[in-house]
Amino acid sequence: MVKTVIIEEAGGPEAMHVVDRPVGEPGAGEVRITHKACGLNFIDVYQRSGLYPMALPHALGMEAAGVIEAVGAGVTHLKVGDRAAYAATPPGAYAQARVMPAAQVCPLPDGISFEEAAAMMLKGLTVQYLFHRTTPLKAGDTVLFHAAAGGVGLIACQWARSEGITLIGTAGSDAKCAIALEHGADHCINYKTEDFAARVRELTDGKGVDVVMDAVGADTFEGSLDSLKPLGMMISFGNASGPVPPFSVGILGQKGSLKITRPTLFTHIAEHETCQAMAAQLFEKVQNGDVKIRIDQRFPLADVAEAHRALEARKTTGSTILTL
């Protein structure tokens, strides 16, 4: 029996319960992994609240790191005793151990700690697809990145710097802007005291940015479109302030023949080989020092509700993990 966080109905942080569950043995194509640390992400909030519906009851959590304890038939890239980490479906990472599909579980290099891995898999793989798999980006291009002091944002700031891409961040306080700048953002706008779209125009000599990467959603959507240069790409990849409301597609033409996409990580990592290759690039960025993983909050698994409250209140910076 292992401690596992589940929800029986959608709701607030109080809907989560820590229960004892049997862990079982892996079947074909599966592994059993004992977790050393678990990651916390906004997708967990969306699933808990019902924004992203799931069949209930269901365990929560999409990201963790630990040690492989058993391997099912057909699994060749992992063996018992391997250090491993993942961001993957189905949810269930908020647990001491679990049985899960092996395809998206990645061997973890010795130079990366379990806590770092748990804090970076979903966020780092997200940054990888944003910069390498969504729209062409090259040195000299300019990106607007919202929530630049969060877990995904701080990785994005460093990733952009490592590839010669100018990153303009936004954050909700001067202190958060300072953190983003420390991690490689070229500029950071406090959206609570400035009109970020107007400031972006000033910073780009009126041209706008090549790409906007926006996980905030409803609160920033219109300003994000107004920050793009003609033919620019809007990547809407999250809903921290709520989902983007319906809009007329004609607006994209009026604002400069803009492009828009709504990707998810799990589409990008669905194929085993692609997932492993993306993870390898992420691991390389961390091991060579281009990206350092900042963990600013740690909560015991039993305090998962408090962790969700802090994340939803935007009181966090960097990454948050659950300790076991």
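Our subject is the structure that appears above.
Keep in mind that this is a model prediction, so the values were computed, not measured.

Asker: What should I look at first to understand helix α9 (residues 272-287) in this one?
Answerer: A turn of α-helix holds 3.6 residues, and therefore any two residues three or four places apart point the same way. Between its terminal C-alpha atoms α9 stretches 22 Å, which fits the 22 Å expected from 16 residues at 1.5 Å a residue. Where α9 is concerned, the buried positions are C275, Q276, M278, A279, L282, F283, K285 and V286. G289, located one to two residues past α9, shows a positive phi value of around 90 degrees.

Asker: Got a minute to help me understand the packing of aromatic side chains in this structure?
Answerer: Two aromatic rings, taken as a pair, are described by how far apart their centres are and by the angle between their planes. Counted according to the given criterion, the structure contains four aromatic pairs. The structure contains a cluster of three or more aromatic residues connected by ring pairs, namely F42, Y46 and Y52. Here the guanidinium or amino end of R83 rests over the ring plane of F114, the centre of that ring lying 4.5 Å away. Directly above the aromatic system of W159 lies the positively charged group of K285, at a separation of 5.0 Å from the ring centroid.

Asker: Can you walk me through the sheet that holds strand β10 (residues 166-171) in this structure?
Answerer: Note on sheets: strands pair through backbone hydrogen bonds, and any given pair is parallel or antiparallel. With parallel pairing, six strands are arranged side by side in an open sheet as β11-β10-β9-β12-β13-β14. Two strands close off the open sheet at either side, each with one partner strand: β11 (187-190) and β14 (259-261). Shown here is a sheet whose adjacent strand axes are inclined to one another by a mean of 15 degrees, direction ignored. Where β10 and β11 come together, four bridges link them in parallel fashion. Within the sheet, the bridge partner assigned to G169 lies in β11 and is C188.

Asker: Before we go on, may I ask you to explain empty space enclosed by the protein in this structure?
Answerer: It is a probe the size of a water molecule, rolled over the atoms, that shows where empty space is left. Enumeration according to the criterion identifies one cavity of 30 Å³ or more in this entry. Taken as a whole, the largest cavity holds about 40 Å³ of empty space. What lines the largest cavity is G151, L154, I155, K292, I293, R294, G318 and S319. By residue number, the principal contributor to the lining of the largest cavity is helix α3 (residues 151-162), which donates three residues.

Asker: Sorry if this is basic, but what is going on with the pairing of β10 here?
Answerer: Two faces, one strand: in a regular strand the side chains alternate between the faces of the sheet. Where burial is concerned, most of β10 is hidden: five out of the six residues are buried. Here strand β9 (residues 142-145) runs beside β10; their pairing, made up of four bridges, is parallel. Note that in β10 the partner of V143 across the bridge is L167. Since β9 and β10 lie parallel, the crossover through α3 that links them has a hand, and here it is right-handed. Note that the unit made of β10, helix α4 (residues 174-182) and β11 has a crossover that is right-handed.

Asker: Would you take a moment to explain the pattern of salt bridges for this structure?
Answerer: Once the charged atoms of two side chains with opposite charge are near each other, the side chains can pair. This structure, assessed with the given rule, holds 14 salt bridges. Linking R48 and E312 is a salt bridge whose minimum nitrogen-to-oxygen distance equals 3.0 Å. Of this pair, R48 sits in helix α1 (residues 42-49) while E312 sits in helix α10 (residues 304-312), and the two are 264 residues apart along the sequence. Taking relative accessible area as the criterion, E312 reaches 35% and is therefore assigned partly exposed. For D210, the salt bridge identified is with K229, shortest N-O distance 3.2 Å. Highlighted residues: D210 in strand β12 (residues 209-214) and K229 in strand β13 (residues 228-236), separated in sequence by 19 residues.

Asker: Just checking my understanding: could you explain the packing of helix α2 (residues 114-132) against α3 for this structure?
Answerer: Relative placement of two packed helices is described by the angle separating their axes and the distance separating the axes. Close contact between α2 and α3 brings their axes to 9 Å; oriented N to C, the two are set at 45 degrees. Judged on the interaxial angle alone, α3 and α2 are oblique. In the crossing of α2 with α3, the sense of the turn from one axis to the other is right-handed. From α2, M120, K123, G124, T126, V127, Q128, F131 and H132 reach across to α3, where they touch G151, V152, I155, A156, W159 and A160.

About the criteria used
Sequence order as written defines the numbering, with residues in each chain counted from 1. For a predicted model such as this one, the threshold for reporting local features is a pLDDT of at least 70, and the threshold for listing and counting side-chain atom pairs is 80 or more; totals across whole chains, interfaces and linings nevertheless cover every residue. Each side-chain value is worked out from all heavy atoms of the structure, with water and hydrogens disregarded. Numbering of helices and strands runs from the N terminus; a helix is a DSSP stretch of H or I covering at least four residues, while a strand is a stretch of E covering at least two. Multiply 1.5 Å by the residue count of a helix minus one, and that product is the helix's expected span. Each residue is placed in one exposure class: buried if its accessible area under a 1.4 Å probe, protein chains only, is under 20% of its type's maximum, exposed if it is over 50%, and partly exposed if it falls in between. Centres within 6.5 Å are what make two rings of Phe, Tyr or Trp a pair, Trp counting through its six-membered ring; a difference in plane orientation under 30 degrees is then read as stacked, over 60 as edge-to-face, and the rest as tilted. Each ring is checked for a lysine NZ or an arginine CZ that lies within 6 Å of its centre and within 35 degrees of its normal; such an atom marks a charge sitting over the ring. A pair of strands is considered paired only if DSSP assigns at least 2 bridges between the two. An axis is simply a line fitted to the C-alpha atoms; with a helix, the fit covers only the stretch in contact. Between two such axes, the angle follows the N-to-C directions and lies from 0 to 180 degrees. With a 1 Å grid spanning the protein atoms alone, the term cavity applies to any set of points in which a 1.4 Å probe fits but cannot get out, the term pocket to an open set with protein on both sides within 12 Å along at least five of seven lines, and the term lining residue to any residue with an atom within 4 Å of a point. Grid points are joined across faces, edges and corners, and a volume is the space filled by probe spheres set on the points. A clockwise path from the first strand over the helix to the second, with the strands pointing away from the viewer, defines a right-handed crossover. Think of a salt bridge as a Lys or Arg side-chain nitrogen and an Asp or Glu carboxyl oxygen that are within 4 Å of each other. Note that the term roughly parallel is reserved for angles under 35 degrees, roughly antiparallel for angles over 145, roughly perpendicular for angles of 65 to 115, and oblique for everything else. Handedness of a helix crossing follows the sense of rotation of the near helix relative to the far helix, less than a right angle counterclockwise being left-handed and clockwise being right-handed. Contacts between residues were defined by any pair of non-hydrogen atoms, one from each residue, lying within 4.5 Å.

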